[in-house]
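Below are the chains, spelled out letter by letter.
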Amino acid sequence: MEYQDKITAVQRYVEAFATGDLSIIRELYATDATVEDPVGSDIHRGIEAIVKFYEPSLGSGIKLTLSGEPRCAGDEVAFPFQVSAPGMTIDVIDVFKFDAQGKVISMRAFWGPENMKS
């Protein structure tokens, strides 16, 4: 997977939150992908579980803003961003791992209570 393809995936992810468009989530993730958000919590397995996980967030008006440059290595990209929700922000780093078809097969979100601000 080329560098620009990884960056485009990050941009589409941010766009999904900007527009509330679940079809972008379906487009980004492989059918058998996993999401662990935050790391250490229950893992959502498969596209239907992942869409169900994202649905409340995308419908609530939460927005994402990149807070630094994405870093690409191998078949992965890590990117820092800030989640903006009514009355709070969360500083997060997500890591996407891609399969050979360019779909996200694993997303891990690194954040904890110390990253939340009201």
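Higher on the page you've got the structure.
Sequence order as written defines the numbering, with residues in each chain counted from 1. With pLDDT at 70 or above as the cut-off, local features in this predicted model cover only qualifying residues; side-chain atom pairs require 80 or more to be listed or tallied, and sums for whole chains, interfaces and linings still use all residues. Note that the side-chain values use all heavy atoms of the structure and ignore hydrogens as well as water.

## A closer look at the overall build of the chain
Consideration 1: Helix numbers and strand numbers start at the N terminus; a helix is a DSSP run of H or I with at least 4 residues, a strand a run of E with at least 2. Scanning the chain from terminus to terminus reveals three helices and eight strands.
Consideration 2: Scanning the chain from its N terminus toward the C terminus, one meets helices and strands in the order α-α-β-β-α-β-β-β-β-β-β.
Consideration 3: Taking the principal axes of its C-alpha atoms as reference, the chain extends roughly 40 × 30 × 30 Å.
Consideration 4: Exposure classes here rest on a 1.4 Å probe applied to the protein chains alone. A residue is buried below 20% of its type maximum, exposed above 50%, and partly exposed in between. Per-residue burial over the chain gives 36% buried out of 118 residues.
Consideration 5: Contacts spanning at least 24 positions in sequence make up 42% of the contacts within the chain whose residues lie at least 6 apart.
Consideration 6: Placing the 11 positive and 18 negative side-chain charges of the chain at their respective mean positions leaves the two points 1 Å apart. Contacts between residues were defined by any pair of non-hydrogen atoms, one from each residue, lying within 4.5 Å. Neither His nor the chain ends is counted toward charge; the positive residues are Lys and Arg and the negative residues Asp and Glu. One atom stands in for each charge, and that atom is NZ of Lys, CZ of Arg, CG of Asp or CD of Glu.

## Things to note about unusual backbone geometry
Consideration 1: Between D37 and P38 the backbone carries a cis peptide bond, its omega angle lying at -5°.
Consideration 2: One can find P38 in the loop between β1 (29-36) and β2 (43-45).

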